[in-house]
Structure formats: C-alpha cells, structure tokens
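The primary structure of each chain is shown beneath.
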Amino acid sequence: MCGIVGYMGKSNAKEILLNGLKELEYRGYDSAGIAILQQDTLHTFKAVGKLENLESKIKDFEVSSGFCIGIGHTRWATHGKPTEANAHPHTAEFSNVVHNGIIENYQEIKEELIILGHHFLSQTDTEVIVHLFEENLKKLDPQEAFYATINRIKGAYAILLVSKIAPNKIFYAKNGSPLIIAKGSGGIYFASSDSPLVGLASQVVYLEDGDMGVMDIEGFDLLKNIQNFSVNKTLAQKDGFRYFMEKEIYEQHSVLLETIMGRVSENGVIFDEIDQSFFLGIRSITLCACGTSYHAGMVGKYLLERLAKIRVNVVIASEFRYGGFVSQEDELFISISQSGETADTLEALKLAKEYNQKSLAICNVDNSSIVRLSDCAILTRVGLEKGVASTKAFASQVLVLWMLAVYMGRTYGHLDEREAKLQSSDMLSAIRATKVESKFHERIKRLSKRYLHGHGFFFIGRDVFYPLALEGALKLKEISYLHAEGYPSGEMKHGPIALADSNLFTIALLSEHLLYDKMQSNIAELSARDATICVIGSKECESADDMIIIPQAKSYMEEFFSMMLGLQLLSLEVAIRLGNDVDMPRNLAKSVTVE
Ligand code: M6R
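In what follows, the accompanying structure is described. (Residues numbered from 1 in each chain as written. Predicted model: local features only at pLDDT ≥ 70, side-chain atom pairs only at ≥ 80, totals over all residues. Heavy atoms only, no water.)

Around the ligand, 14 residues are found, and the nearest of them are Ser293, Ser337, Gln338, Thr342 and Glu478. Taking Ser339, its side chain carries an N or O atom lying 2.7 Å from an oxygen atom of the ligand. Between the ligand and the protein, one listed contact pairs an oxygen atom with a side-chain N or O atom of Lys475 at 3.0 Å. Its free accessible area being 410 Å², the ligand has 90% of it covered by the protein chains. When contributions to the shell around the ligand are tallied by element, the ones reaching two or more residues are α8 (291–308) and α15 (465–480). Per element, the largest residue contribution to the shell around the ligand is three residues, and it comes from α8. When grouped by side-chain class, the residues that make up the shell around the ligand number four nonpolar, eight polar and two charged. (Near = heavy atom within 4 Å. Polar contact = N/O pair within 3.5 Å; in protein donor to acceptor, adjacent residues only side chain to side chain. Areas by Shrake-Rupley, 256 points an atom, 1.4 Å probe, with all protein chains shown as cover. Helix = DSSP H or I, 4+ residues; strand = E, 2+ residues; numbered from the N terminus. Nonpolar A, V, L, I, M, F, W, Y, C, P; charged D, E, K, R; others polar.)

Below you can see the structure in the form of structure tokens.
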C-alpha cells in the first residue's frame, strides 16, 4: 500500500527520505520516488521496483548543506500500471506532489485542465492535484491555491505538495488516509504511519480528516493535539530472526500477556477503558472485518454465542458495505482490524454509525482511523506487526474476543463466577501454549519439505477450528502461493472431497476437547480417498500420514492456540523452502487503505 514521507530541516534530506521509505517497505509497493527542493531547484527521482533501484538513481546526487525540504512515496498501483511515469512524486511546471488514496473526480478535473493547456504525463489520478494547484496559482496566493485544490477534489487522500513558489514550505492535507506531522531535533517530519518517525521524532500530531495546512519550520508548535512520541526502535527490528513474520510468531507468548494485562485476573475479566453501562441493553452483535481479522471474528462468534448467549452476525466488510443493511435496535457494531486503516472496515463502521449503532473497535493501532471513529476501543497491544501475513495480531484479536465473551457472559448473568475464573485460567494456559519450543519448530521445518508439490491443500476443522482452518489456508496461500482452501470438516462430503487424491494435502485440526469422534470420521473419509493427511492434534490418529503433535491441553481454546502456532510455522517453513519473500509476498500490502 502507498506510503508517504516528508522532511524539512538542515539534515541530509536524501538520507532521511530514503530511510523513511525503507521503514514503509513492509506495507508493499511497486515503485518509489522522492523530490528535494533546495536553493530554488526541484530535484525529482523515481524508479520502478525495489528501493535499491531508486537509491542507485540518486547515488550521485549530493544534498547541499543548509535548509531544504523533500517529499517521498512508495506506490502500490491503483490507477495506472506500476511504471516510472506513474510513480510519485508527480510534477507540473514547478511543483511536486505525493498522494495516498484515490481522487474520485480526477477524470473531470483532468479534462478541464487539458482544455486549459496542461499536459499530463501519467495515467494516475494524483497528477491532477499538482496541475490544479498550479492552475489555481494564476488567481490565488499559494495557500489559497492549495486550499482551493483540496476543496475541489473528492475522495480519500493524504497529500504532501512542494513548490518552487513557496520554497520553505510543505503543503499538506488529509481525508480518509492517515497522515502524521512530527517534530524532532533535526526538523519537521511527515509520514503516513509511525515507523519512519521512530528514532527521529519526539512529538507527533495525528491529523484528522479535513485537516489541511502549510507547514514551515516554525509551524509545528502551532498545531493542535501535539503528543509525545516514544515508539521504541528495537521493536521495529528483526531481532536475529530470518523474517519479521518469524519474529512475530515467536513473540506471541510475551505480547499476548500485554493483551491481558490489567484485564484478566483470577477473578475474571474487566475492561477499564469501557464503561460497563456501554454493554447494557445490547441484544445482538455484528462483527465486521476483512481477511485474517474476519477469521478472528468468526472465532469470536462461537465464543460470544457460547459464553455470553448473545446472537452474533459476522460480516466481511466489503460485502457489508453494499449489502442490504438492516439496522437492529440494541445492536453493537464491532470492527476488528490490526491496522485500524483498512478502507472497507472503516467505511462499514461509518455506515453503522449513520444508523446510530453503538461501535466498538478491536484494534492494534491507537489513534488509527477506526479507533478514532469508534465510540470505544479495546487495543490488542501486540506492537508493530511488520509481516504482511498477520500472526500475532490474529492471536490477540481472538484473545480479546474471548475476553469479551467472558465479560459479557458475566454482565448478562450467563456465566457464574466459578466459570469466569476457569476461563481466565484457560486464557493463561492458552497464552503459554504459544511459546515456540525448538523441538516443535524443528519437527515442522523437517515436515515442510513433504508439502511443497501437491496440487493443493485442504485445511479442515470444526467449531472454532473451522475459522482456524480458514486462517491456516490463508496464511499458506499468502506467503507460499500454493492453492489452499479451508473447510468445515462436515462439508467435505458435500462437494470438496471430489478433489481428494494422493496429491491433495489435507491439514486436519483434531481437537481432543471438541467433536473428536466426528472429526476422526471426516479424516477417515479423506484417508479412504488416498488424500495425504497431516493431523495437528495431541493424540495419534490412525488415518494420518503425518502428525504435528501439540501438548495435551486443559481446554479446546488452549488447543486452538497450539494449533495456530503449528499452522503459522508450517506456512513459514513451506514459503522459505520455496524461496519466497515471506515478509513482502507478491501482490499483497500490509495495510489496505483503498477499496
Ligand atoms: O489491518 P486489518 O486487520 O484491518 O487488515 C485486514 C486484512 O487486510 C488482513 O488481515 C490481511 O488478510 C492479512 N494479509 C492477513 O495475513
């Protein structure tokens, strides 16, 4: 997904912008560029592909000492192919712009500007911004021209613009796409997320939708809502692991303790951040999310219905937005999102708010758009997740939904104190189960070589292990590019089993605590069709070709977290054996901020 950085000050702008773009690499991109304005000259560099390509183009460019300003961008193509012409910054005669988001009315603006004599070099929507700005400058001063430009465009955007007409200033605007302004000893910084600011900034302002302005070196202190910035750099490093995804799998057992800290005790579950009255009178819940977060929502449905006896509807945000929305009275709308910026989830939340539904966000990023828009939020507290394939965020979302189910079960009188205490103790055991034992990882690493060349994978499970099967399949396909589908085991005989043969790999999640016999029969059905079966469970299974043995567990949720670990490690090892870039899989982006 596109990323933005900006800088003004006396440090080396080229290095700061390039380092900032490197910090945004994990979001996924297909081209990149920077523009530096110094001594009235605007230098623009762009390149397709990895940042190394941009770096080699710029290597002979020296930034002269003294004050200068610059903007940079990583692009993930939406309008127009990933070419150098379509990469940002986009230029007109004497100005450059970078933009995240989509300008919906760009076509009509472009046509008007062409009639007025403007020449367009790219197929992008973004280029109209810089031309419209220069057109407006014919009648207005720079600030007015920028504001008139922003007021004319429709859509979602985070924009930075620099111009020779105002050589000490950066023009900025935000609507629906994140943008941060920060200050540090080296100057003023801009970024579309926290990571480029780590180690540079001491204060930040998370801009709100509708914010626009013109920043100069004195301007930061005049902004509203200045906050201290203390994100730790080491958290953003790989800590010796091969990939961020691997590091994130390994840190689950410690970060999940953060998730429950102050919330889960031997007496049950509390949420200090939410007034208990917020939950009173709620009769049903909609859980809304995309991708992995949607799978967490599906697990949440089983838990909330079982423990809190409340009706739950789980929806994929992109479907919910355009489906017939029947707003129920007394319904709680819960959006689940790691990033808090996923466009579909954000728009679905806006829709729910239009219908006056109470809203709760389960999110990993404080100050994200989804958190800010929701009535209240439960933060998952697992720190920056850099791997595009979500791991620790999923675990924390499931844990929060489990806590919520216990909390609501108590609030509504469906769980007694003893049961709530038992659940709390199960949560602690489940977190312990996510600690990676080296023997377990080694076993999966060895096993992974047998699962590289089939004609596809089935992941099967029942109850909460069904969404876990979906998540296992998603993880594998995201980073290995192998075809994988998740199914509820009972559905196999209704169609999918037709695919079964010895080159079809089945990963079966066999719980000792839930529907053990039913699941055994489903595995036997596949084995009878000669499918190659790997069972993840604590008991040996006769029909299995391979076993990934998990420790015996006290509860089915403890098994859930052990199996989740097994699935994450299996995907990781298969993808590594296939030589893929685990942290930046092809065609994917970490934060999907466009529809
Ligand atoms: O940031 P979000 O949780 O809202 O993101 C939703 C999905 O885009 C995300 O979970 C995606 O499916 C991941 N790549 C899964 O690994």
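Further remarks concern the side chain of Ser562. Positionally, Ser562 belongs in helix α17 (residues 556–577). In contact with Ser562, other than residues within four places in its own chain, are Ala433, Phe440, Ile550 and Pro551. (Contact = heavy atoms within 4.5 Å.)

Going from His88 to Pro89, the amide bond is cis rather than trans, its omega being 0°. Even without glycine at this site, Gln39 takes up a positive phi of about 45°. Position of Gln39 among the secondary structure elements: in the loop between β2 (31–38) and β3 (41–48). Residues other than glycine seldom take positive phi values, yet Asn225 does so here, at roughly 60°. Here Asn225 lies in the loop between β12 (212–215) and β13 (227–228). For Asn225, a relative accessible area of 54% gives the class exposed. (Buried < 20%, exposed > 50% of the residue type's maximum accessible area, 1.4 Å probe, protein only.)

This part is about the pairing of strand β11 (residues 203–206). Relative to β11, strand β9 (residues 180–184) runs antiparallel, the two being bridged by four bridges. Each bridged residue has a counterpart across the sheet, and for Ala182 the counterpart in β11 is Val204. In this structure, β11 lies alongside β13, joined through two bridges in antiparallel fashion. What sits directly across from Gln203, in β13, is Asn228. (Pairing = 2+ DSSP bridges.)

Our next topic: the packing of α15 against α17. Each pair of packed helices can be summarised by the angle the axes make with each other and by the distance between the axes. For the pair α15 and α17, the least separation of the axes is 9 Å and the interaxial angle reads 15°. As the angle between them shows, α15 and α17 are arranged roughly parallel. The interaxial crossing formed by α15 with α17 has right-handed handedness. Counting all contacts with α15, which are made through Phe465, Leu468, Gly472, Lys475, Leu476, Ile479 and Ser480, the residues of α17 involved are Tyr556, Glu559, Phe560, Met563, Met564, Leu567, Ser571, Leu572, Val574 and Ala575. (Axes fitted to C-alpha atoms, helices over the stretch in contact; angles between N-to-C directions. Parallel < 35°, antiparallel > 145°, perpendicular 65-115°, else oblique. Left-handed = near helix turned anticlockwise from the far one by under 90°.)

In short, shape yes, function no, at least from these values alone.
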